[in-house]
Amino acid sequence: MVLCVLFLALVSLQLVVGDRLQAGHAERVAKIEWMLDSNRSVLQDMTDAETGVRGFQLTADRDYLQPYESGRRGAFVELDRLAARAGDAGIIDLVRAERAAAEQWLYAYGIPIVNAGIVDTDADRAARGRVLFDDVRTANAAVTAAVNAEHERMVAADRSTTNRVQLLFAGLAVLVLITGLGLAFLHQRHLLQPVEHIRHTLRRLAEGERGARAEETGPAEMRAVIGTLNDLAGEIERLLTAEQARVSTGELRQRVAAELRTKRADPAETGRRLARMIGAALGAEAVYGRCTVFRGATFAVSWPESAPELDRELVRRIRAGRPGQACDVPGLPGGLAVPLSGDDDCPPGLVLVLRPDRPEWTEDERSALAGIGREIDHSLHQQRFQLRQSRLISELRVLDEQKDVFVSTVTHELRTPLTSILGYTEMLSDAEPGELTPIQERSLAAILRNAHRLQATVADLLLLDRDNEWIGAEPAPVDLAAMVTAVHDEVAAAAGAKNVESVLEVDEAWVRGDGVQLERALRKLVDNAIKFTPSGGRFELRLTVDGPNAVVTVTDTGMGIPADDLSGLFTPFHRAANAMDQAVQGPGLGLAIVRNIVSEHGGTVSVRSEVGHGSTFTVLLPALVTAEANS
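Before going into details, it helps to say that this report is about the structure given with it. (Residues numbered from 1 in each chain as written. Predicted model: local features only at pLDDT ≥ 70, side-chain atom pairs only at ≥ 80, totals over all residues. Heavy atoms only, no water.)

A pair can form between side chains of opposite charge whenever their charged atoms are brought close. Applying the stated criterion to the full structure yields 20 salt bridges. One salt bridge connects Glu313 with Arg316, and the closest N-O pair in it is separated by 2.4 Å. Highlighted residues: Glu313 and Arg316, both in helix α8 (residues 312-319), separated by three residues, approximately one helical turn. Each member of the salt-bridge network shares a partner with another, and the members are Glu505, Arg538, Glu540 and Arg542. (Salt bridge = Lys/Arg side-chain N within 4 Å of Asp/Glu carboxyl O. Helix = DSSP H or I, 4+ residues; strand = E, 2+ residues; numbered from the N terminus.)

What follows is the structure, given as C-alpha cells:
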C-alpha cells in the first residue's frame, strides 16, 4: 500500500512537472514567434515607407507618401514593443541598432525629401539613401538571426531540462521500485520478477527508448503499478512527440517563408517547390495549390506531378471558405485545405493537402498549414502590389511623355498661324483714319487682344515644355530691390485703374541668376494679385532679407484659394475651383512657371491662403552679400 501511494505521487508529480515544462516551452516559443513576426513587421513597414518615398521621387505625387507615413509610425511602434519584450541583452542591442539604422535612413534621406515636398534629383543622395536602407535590412536580418539563435538555444535548453527531469523521475521511480523489491523479497518472493522487469523498462526509457513498456504480470497491485508506469511512459512519449512536432512545424514555416522571399522569374516553380516541401514535411500523399499573381496569371501546381486533377466544384467550395483558416474537406478523406484571399482582379486561391492513410490531423499540423497559407497569401499580396505599382508608374511615365509631345506639337503648330494673324491684323490696324468703320476697329482690337493673349499662353507652354532646350542668360548678380520697384511701378497704373491699392516695402537685396526670368516670375505673381483682387482691395509687395535668403512676399485681399486646391497649385493647368466658378480667365500656367524659375535659382515658393481673405505668396532666394554683388 505504501509503495502504491509513493509511486502514484511520483507519477502525479511527473505529470505536473511535464505539463509545466510543456507550458513554459510553449510560452517561450510563442514569444520567439512573436518577436520574429514583429521584426518582419518592422522590415515591411520600413519597406512601405521606402516604397512611398521612391514612388514620390518617381512621380512627384504626394499620394505615394501615404504608405511612408503609416510605415514610419508602424516600424517604430514595433521596434519599441520588440525592445520592451526582448529579454536578451544582445537582442536588445541589435534592436537598438536596427532602430538607429531606421532613424539614420529617415533623418538623412526620407524626412528631408518629404519635408521639402519636391523631388530630389541628387543621384548621390539617392545612392546614399539606398545604402542607408540596405543598412536597415542588414540590421533587421541581424535581429532575426539573433532571435532564431535564441530559439535554438531555448529548444536545446528545454530538451536538456526534459531529459534531466526524465532521468530524475526515472531515478526516483527506480528508488521506489528498489524499496518495493525489498518489501517484496521480505513478504512475497514472487514479486521480484515483475519488479525486475519494471527496472529494465525504466532503464530503457532513460536510455531514450520511447516505445519501451513493461509487461503487466504479478499480483493486482503490481499490475496496477506497471500500468501506471506504462501510462507515464506513454505520456512522456506523447509530450516529446508533440514537442518535436512543434519544432518541425516551426522549422517548416521558416523554410516556407525563406522560399517565398526567394525571387524567381517563374512563380509556378516557387509553387512546385513549396508543394514538395509541404508534402514531405506533413507526410502527405498529394499537395495542390491554386494561386493568382495578377489578372490572367493564374497557375496551378500539384505534388507529385502525377496527382489527379481536382474537381472544379471541390475547388469552388474550398475557395468559398474563410481565407487563412485550415478546414477539413467534406467527402475527401484526409483532406485539409486553406483558402487564399483574392481581390477584384485576382480570384481566390487554395492550398490542399491529402493524407488518406492518416486522416486525423493534429492541432499543431492544422496550425502549421494555416500559418503556411497566411505566409503564401501575404507574399501574393505583396507581389500584386508591386506589380500594380510598377504598371501604374509605367503608365504615368507614358502619359507624361505623351503630354510633353502634345504640348510641343501644339505650341509649334500655333506659333506660325499666330504670327500671320498678328502680322495681318496689325497691318489692318495701321490703316488711314476713316478707312475702317468703328465696328471694324473694335473687331480688330479684339482680334489683337486675344491673339496676344494666345501668344502669351504659347510662350508659357514653351517655358514648361521639358523637351524645350531653352537656356537663359548666364547667372549674374541681380539687384532685386530695383527689380521689385520697377515691377511695382509698371503695374501701379493697372492697379489704380481697377481701384486696387498697392503697398511697396523694399530692402536692399542681391541674388545671382537670370534677371529676365526672375522678373517674369515676379510679374506673374503681381499680375495674379491684381487680377484676383476686387475693386477696393489691396495688394502688398515686400522685399526683405532673412539670414541667407532674400524674401519676396506678394499679399492680396482677393478671393483666396480653397484648401483642397493648395496641394496642386503649382502644377501646370491647375486652377482653383472658385476661380473657375467665377469665370476668371487664365490657362493655369503662371504659378507652375514661377515654381520652375524659382527652383532653377535654388529657391522655393510657398503660399498661405484663406477663402474670402486673400493669399500670400512667399519666394525665398539665396541672397548675395553686398561685396559679392558689387564684384
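From this point, things continue past the structure.
Moving on: the pairing of strand β12 (residues 614-624). Counting buried residues in β12 gives eight out of 11 residues, a clear majority hidden from the surface. One ladder, built from two bridges, connects strand β8 (residues 510-513) with β12; its direction is antiparallel. Residue Trp510 lies in a different strand from β12, and its bridge partner there is Leu624. In terms of strand pairing, strand β10 (residues 549-556) meets β12 through seven bridges, oriented antiparallel. (Buried < 20%, exposed > 50% of the residue type's maximum accessible area, 1.4 Å probe, protein only. Pairing = 2+ DSSP bridges.)

Moving on to the side chain of Thr533. One can find Thr533 in the loop between α12 (515-531) and β9 (538-546). Using a relative accessible area of 1% as the deciding quantity, one classes Thr533 as buried. Among the polar contacts made by the side chain of Thr533, one reaches the main-chain carbonyl oxygen of Ala529 at a distance of 2.5 Å. Apart from the residues within four sequence positions on either side, Thr533 is in contact with Lys498, Val500, Arg538, Asp556, Thr557 and Gly558. (Polar contact = N/O pair within 3.5 Å; in protein donor to acceptor, adjacent residues only side chain to side chain. Contact = heavy atoms within 4.5 Å.)

Turning our attention to the packing of helix α11 (residues 480-497) against α12. Two elements in contact, α11 and α12, have axes separated by 10 Å at closest approach and are oriented at 35°. Between α11 and α12 lies a crossing of right-handed hand. Between α11 and α12, the contacting residues are Met483, Val484, Val487, Glu490, Val491 and Ala495 on the first element and Gly515, Leu518, Glu519, Leu522, Arg523, Val526, Asp527 and Ile530 on the second. (Axes fitted to C-alpha atoms, helices over the stretch in contact; angles between N-to-C directions. Left-handed = near helix turned anticlockwise from the far one by under 90°.)

Taken together, Leu168, Leu172 and Leu175 make up a surface patch of nonpolar side chains, about 270 Å² in accessible area. Structurally, Leu175 is set in helix α4 (residues 123-187). The exposure class assigned to Leu175 is exposed, which follows from its relative accessible area of 51%. (Patch = residues over 30% accessible without salt bridge, like charges linked within 9 Å, V, L, I, M, F, W, Y side chains within 5 Å. Areas by Shrake-Rupley, 256 points an atom, 1.4 Å probe, with all protein chains shown as cover.)

Turning to the packing of aromatic side chains, a few remarks are in order. Per the stated rule, a full pass over the model turns up two aromatic pairs. Summarising the aromatic geometry, the rings of Trp105 and Phe133 are spaced 5.5 Å apart at their centres and angled 70° between planes, so their arrangement reads as edge-to-face. Placement of Trp105 in helix α3 (residues 89-116) and of Phe133 in helix α4 is noted, with a sequence separation of 28 residues between them. Classification of Phe133 as buried rests on a relative accessible area of 2%. If you follow Arg85 out to its NZ or CZ, it ends over the ring of Trp34, 4.4 Å from the centre. Its end group placed over the ring of Trp361, Arg355 keeps NZ or CZ at 3.9 Å from the ring centre. (Phe/Tyr/Trp six-rings, centres within 6.5 Å; stacked < 30°, edge-to-face > 60°. Lys NZ or Arg CZ within 6 Å of the ring centre and 35° of its normal.)

With 28 residues, α3 should cover 40 Å at 1.5 Å per step; its first-to-last C-alpha distance of 39 Å lies within 8% of that length. At Leu106, α3 shows its maximal bend, which comes to roughly 45°. (Expected span 1.5 Å × (residues − 1). Bend = angle between axes of the 7 residues up to and from the residue.)

Further remarks concern the pairing of strand β4 (residues 335-340). Burial of β4 is extensive: six of the six residues sit out of reach of the surface. Where strand β3 (residues 327-328) lies against β4, two bridges are found, and the strand directions are antiparallel. When the sheet's bridge partners are listed, Cys327 is paired in β4 with Ala337. Of the pairings in the sheet, the one linking β4 to strand β5 (residues 349-354) comprises six bridges and is antiparallel in character. Directly across from Leu340, in β5, lies its bridge partner Gly349.

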